[in-house]
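Chains, contacts and geometry: an overview
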Amino acid sequence: MTLSVSGGHGAVERINRFLRRIITGRYPHQQQQENNHPKQNSKRFEQENTKTQQQKTNKTIQADDRRTPHPKSVKPRRLAVSGRCRKLRLSEENRQRMASSGEEVSNKQLIFRDYVTGFPQESDMYVTTGTVKLKVSEDSNGVLLKNLYLSCDPYMRILMKKQEGVGGFSSYTPGSPLTGFGVSKVLDSRNPEFKEGDLVWGITGWEEYSLITNPQVLFKILHTDVPLSYYTGILGMPGLTAYAGFYEVSSPKKGENVFISAASGAVGQLVGQFAKPMGCYVVGSAGSKDKVDLLKNKLGFDEAFNYKEEHDLDAALKRCFPEGIDIYFENVGGKMLDAVLLNMRPHGRIAVCGMISQYNLDQPEGVHNLMSIIYKRVRLEGFGAPDYFPQHPKFLDIVLPYIREGKIKYIEDIVEGLEKGPGAFIGLFKGQNVGKQVVVVARE
Ligand SMILES: NC(=O)c1ccc[n+]([C@@H]2O[C@H](COP(=O)([O-])OP(=O)(O)OC[C@H]3O[C@@H](n4cnc5c(N)ncnc54)[C@H](OP(=O)(O)O)[C@@H]3O)[C@@H](O)[C@H]2O)c1
C-alpha cells in the first residue's frame, strides 16, 4: 500500500512505513516498547542490543524490568540524580550549550505502574526522575525532543490493558513511561527530516525529554501563528478524527440530522461545528448541565441533553429527533448506541469513532437493537485516525483558516505540570474535562 500526499517524499515514506506497521498490527511507538519488553523480546533484546527511547532515558528501570519481567507492583522509586542535575532549570542558552556538549540532565517521567483492570486510578501511574543525555548518538537515526504539551486521549486506557494486538494496539509496558500524542521541540537530531529547533507533533513519551529512535509518527509543525497546544487537539489527531469521521465516513448531506455523543470533548465539539455550516440539524449529548449549556450557547449546537439525567435515552432522542437521525457520530457506545439504533432513519450512517463507556469494563456490554441496521439499511463503520494521517496537510489547509478567521471555536482544558497528568487522564472517564484535555510539561 502506498500513498501520495503533499509534504515531501520523506513525509510520504514515513507515513507509508507507519501504515505498514498498522497493517502488520504494530504502531511504531508500541513496537519500540515491544522491543523493550524484556519478557516478550528478551532474545531479540540481547541479540540486537539496540538502544531505544526508554532504554536510554530510563536505564535503571529497564534494568530492573529485565530482572523482574512482570512486576505485579512496580514501586515508585527515585533514580539517582546528581546534585548538579537537580539544580538544572535550564535557560535556553544553557540548554543549547549542554546539548552541544551532550551533557546529562534530569528527566522527570510519568511511569505506567502495571496493567489496569476496571476504572483507572492516579496510582496506576507515578512520577520519577531519571537522566537523559541532550544529544543523539552518532549511530542513531533518532531525534531528541523536549516535550511541551501532552494530549490525554481515551485510547490510552486501552493500552493499559494486558492484551495482544487488539485493533493494531499493543499494551503499555509496566515500568516504562506512558506514550501518547504531544507537541515537542527538537533539541538534537540525527534524522535527516528533522533539525534542532523544529517544532513537531506526534507520538512521544510522558516525560520532559524523549529520545525517539524511530520517528515515524512525528510531523513537523509549519504554522506557528496559532497556539502550539492546538496540535494536541484541533490541529492534531483529534481534529483529524473529527474531520475524517464526519466528512469521509459519515458521507454528510446538506440539512441532515446529526447526533454526536461526548459532544463537548476534543472530537465531539469539532464534529458539531463541521456539521453546522452544511445546514445540518445538530444535537449533542454530554454529562453535565454546564456542558449542555456550552454546546447550545457557545458551540452552536441546535440542541443538547445531559445523558446522565435522562432515564430513557430512546425518549430523549425521540424528543430531539422526531424525524430520526441521519448521522450518528459514535463516541461512547453501550446504552447510547442501543438507543440510537432505534432512532436511525433509513440509509443512516453511524461513524464509530470510539466507545469510551466500554473501556473500563472487563466484559463489554451487549448491544440489543442491531436488527435496526437491516430494517433501516444503516451503514455502521469504524475508523481510526492513523488511516488519515496522509490527509493531514489537506486537513490543515481547511481548518487553519477557520481558526484564523474565528469561524470555529475550540475549547481546551489545560493543567500545568507532568505531576497533574494522572489526574487529568483519569478525569476523561469521569467527564471532568471540558473540551480537549492537555497537560503542559513546558511552555517553550
Ligand atoms: N477512532 C479514532 O481514531 C479516535 C481518535 C480520537 C478519539 N477517539 C474516540 O472518540 C471518543 C472521544 O474522544 P475525545 O478525545 O474527544 O475525548 P473527550 O470527549 O475529550 O473525553 C472523554 C469524554 O467522554 C465522556 N465519557 C467518559 N466516560 C463516559 C461514559 N461511561 N459514558 C459516556 N460518556 C463518557 C466524558 O464526557 P461527558 O461529561 O459528556 O460524559 C469525557 O469528557 C472516545 O471514545 C475516543 O476513544 C477515537
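Just above, that's the structure.
So, here is what we can say about the structure in this document. Keep in mind the model is a prediction, meaning the values are calculated, not measured.

This part takes up the overall build of the protein. Helix and strand counts for the protein stand at 16 helices and 15 strands. Burial statistics for the protein: of 444 residues in total, 48% are counted as buried. Of all intrachain contacts in the protein linking residues separated by at least 6 positions in sequence, the fraction that spans at least 24 positions is 68%.

Lining the immediate surroundings of the ligand are 31 residues, of which G265, G287, G354, A385 and G431 lie closest. Broken down by secondary-structure element, the contributors of at least two residues to the shell around the ligand are α9 (237–249) and β15 (436–440). Counting residues domain by domain, the shell around the ligand receives three or more from each of domain 1 (102–233 + 411–440) and domain 2 (237–404).

Right, let's get into the nonpolar core. Formed by 107 residues in total, the largest nonpolar core has its most connected members in V271, F329 and V340. Take this core: its biggest share by element is 7 residues, from α9. Of the residues that make up this core, three or more belong to each of domain 1 (102–233 + 411–440) and domain 2 (237–404). Ignoring sequence-local partners within four residues, the contact set of V271 consists of A242, G245, F246, I260 and F329.

A word on unusual backbone geometry. Backbone geometry places S251, a non-glycine residue, at a positive phi of 45 degrees. Even without glycine at this site, H347 takes up a positive phi of about 65 degrees. Exposure remark for H347: the 11 C-beta atoms within 10 Å place this residue in the exposed category.

The next thing to look at is helix α12 (residues 313–320). Regarding α12, the residues found buried are L313, A316 and L317. Along the long axis of α12, the arc covered by the buried residues comes to 95 degrees, so they all point the same way. Looking at the buried side of α12, the elements it contacts are β10 (303–306) and α13 (335–341).

The side-chain alternation of strand β8 (residues 257–260) yields two buried faces, one formed by N257 and F259 and the other by V258 and I260. One ladder, built from 4 bridges, connects β8 with strand β9 (residues 281–286); its direction is parallel. Among the inter-strand pairings, F259 is bridged to a residue of β9, identified as V283.

On to helix α15 (residues 392–404). Helix length check: α15 (13 residues) gives 18 Å between terminal C-alpha atoms against 18 Å at 1.5 Å per residue, within 8%. At I398, α15 is bent by approximately 25 degrees, the largest bend along its length, and proline P401 sits one to four residues beyond. Within α15, burial applies to H392, L396, V399 and I403. Buried positions along α15 lie against β7 (218–220) and α9. Just downstream of α15 lies G406, where phi reads positive at about 65 degrees.

Thresholds, definitions, all that
Residues numbered from 1 in each chain as written. Predicted model: local features only at pLDDT ≥ 70, side-chain atom pairs only at ≥ 80, totals over all residues. Helix = DSSP H or I, 4+ residues; strand = E, 2+ residues; numbered from the N terminus. Buried ≥ 20, exposed ≤ 12 C-beta atoms within 10 Å, placed from the backbone. Contact = placed C-beta atoms within 7 Å. Near = placed C-beta within 6 Å. Domains from an automatic or database assignment. Core = buried A, V, L, I, M, F, W, Y, C linked by C-beta atoms within 7 Å. Arc of directions from axis to C-beta. Pairing = 2+ DSSP bridges. Expected span 1.5 Å × (residues − 1). Bend = angle between axes of the 7 residues up to and from the residue.

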